[in-house]
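Residue-level structure breakdown
So the chains spell out like this:
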Amino acid sequence: MPYSKKTWAKIISFALNPDILISLILIIGISYTPATVANRFYASFVIIIFNYFLLLYWRRLLEETGIRIDDTLKNKTVQKMRVIVLMPEFLIYIAETALVAQFGSTQPIFAIMLSLITIAVLSGLISIFWKISAHAEGFIFLVAVLSFYISPIYWSLIGVLPIIWWARLALDRHTPTQLAMGTLVPPVVTYIIFQYFNLI
């Protein structure tokens, strides 16, 4: 039996969810940051544990207690609770950035972390009034980091973006405007911070 439209949308949303994408961005950043192979491995391991598995556990814990973190636009409670729900994520970013700073603010991981924190703060503020798309943010942030730091050819990955938009619209998680805002914020923030550190 072929998958329904909503099933495909759920698969796409899970495969390209922000926690997976952010973890991937940070691991890429670590791989381009001057460090020993062992230190890169340890850093990548910590990223996978804290930025993916710990946050996955936190979200499952919330859902078990009846707190939904991702629901249709009709559920206004999701938007109201979003800043509180995402607070552990923000605290992990702060701790990781402080740790990177302790080791000399090496690049590009330090610029990536500052970009991530800035995007998280802006998204948190916007989310108080409006539900910005974290899925769109996570994907376009990945594309922006790859394109600004490695090669402009990675802008071609934007071709995947309509699939993410379709999935989030099919699940009634966002409006087109919310998806557009989630697509706009990360490249602007990343460009400004990377430009400041002369990484572009």
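Look above for the structure.
A brief look at the structure comes next. Note that the coordinates shown come from a computational prediction; the quantities given were computed from them, not determined experimentally.

Calculation rules
Chains are numbered independently. Their residues run from 1 in the order of the written sequence. Note on the predicted model: pLDDT of at least 70 is required for a residue's local features to be given, and 80 or more for side-chain atom pairs to be given and counted; whole-chain, interface and lining totals, by contrast, use all residues. Remark: hydrogens and water are excluded; side-chain values derive from all non-hydrogen atoms of the structure. Aromatic rings from Phe, Tyr and Trp, with only the six-membered ring used for Trp, were paired whenever their centres fell within 6.5 Å, and each pair was classed as stacked if the ring planes differed by under 30 degrees, edge-to-face if by over 60, and tilted otherwise. Note on conventions: DSSP H or I runs of at least 4 residues are helices, E runs of at least 2 residues are strands, and numbering of each starts at the N terminus. Relative accessible area decides the class of each residue, using a 1.4 Å probe on protein chains only: under 20% of the type maximum gives buried, over 50% gives exposed, and in between gives partly exposed. Helix span, as expected, comes to 1.5 Å for every residue beyond the first. Contacts between residues were defined by any pair of non-hydrogen atoms, one from each residue, lying within 4.5 Å. Between N-to-C directions, angles cover 0 to 180 degrees, with each direction set by a line fitted to C-alpha atoms, over the stretch in contact for helices. Roughly parallel refers to an angle under 35 degrees, roughly antiparallel to one over 145, roughly perpendicular to one between 65 and 115, and oblique to any angle outside these ranges. For a crossing to be left-handed, the near helix must be turned anticlockwise from the far one by less than a right angle; the clockwise case is right-handed. Only Asp, Glu, Lys and Arg are considered charged, only Ala, Val, Leu, Ile, Met, Phe, Trp, Tyr, Cys and Pro nonpolar, and every remaining residue, Gly among them, polar. N or O atoms within 3.5 Å of each other form a polar contact, as long as, within protein, one can give a hydrogen and the other can take it, and as long as residues adjacent in sequence are counted only when both atoms are side-chain atoms.

Some points on the packing of aromatic side chains
Throughout the structure, instances matching the rule amount to seven aromatic pairs. For the ring pair F110 and F197, a centre distance of 5.9 Å and an interplane angle of 75 degrees mean the geometry is edge-to-face. Remark: F197 occurs in the segment after α9 (176-196) and F110 occurs in helix α6 (residues 109-129); sequence separation between them is 87 residues. Judged by relative accessible area, F197 falls into the partly exposed class, the value being 26%.

Points about α6
Taking 1.5 Å per residue, 21 residues should reach 30 Å; α6 reaches 31 Å between its end C-alpha atoms and fits that length. Those residues of α6 not exposed but buried are I109, F110, A111, I112, M113, S115, L116, I117, I119, S123, G124 and S127. Buried residues in α6 make contact with α2 (18-31), α4 (76-85), α5 (87-102), α7 (134-150) and α9.

Quick look at the environment of I153
Locating I153 in the fold gives a position in the loop between α7 and α8 (161-170). The exposure class of I153 is exposed, given its relative accessible area of 60%. Remark: the alpha-carbon pair of I153 and T118, spanning 35 residues in sequence, is separated by 25 Å.

Considering unusual backbone geometry
Q107 connects to P108 through a cis peptide bond whose omega is 10 degrees. Along the chain, P108 turns up in the loop between α5 and α6. Of note, the phi angle at D172 is positive, near 60 degrees, even though the residue is not glycine. Structurally, D172 is set in the loop between α8 and α9. When its relative accessible area of 30% is taken as the criterion, D172 is described as partly exposed.

Details of the packing of α5 against α6
Where α5 meets α6, the closest approach of the two axes is 10 Å, and the angle between their N-to-C directions is 155 degrees. Between α5 and α6, the crossing angle belongs to the class labelled roughly antiparallel. Considering how the two elements wind past one another, α5 and α6 form a crossing that is left-handed. On the side of α5, the interface is formed by F90, Y93, I94, E96, T97, V100 and A101, while α6 contributes I109, F110, M113, L114, L116, I117, A120 and V121. When its residues are assigned to classes, the contact of α5 with α6 shows 13 nonpolar, one polar and one charged.

Comments concerning the side chain of S44
Position of S44 among the secondary structure elements: in helix α3 (residues 37-64). The exposure class of S44 is buried, given its relative accessible area of 16%. Only 2.9 Å separates the side chain of S44 from the backbone oxygen of R40, close enough to count as a polar contact. Once residues lying within four places of it in the same chain are set aside, the contact partners of S44 are I27 and I30.

Taken by themselves, the reported measurements are silent on function.
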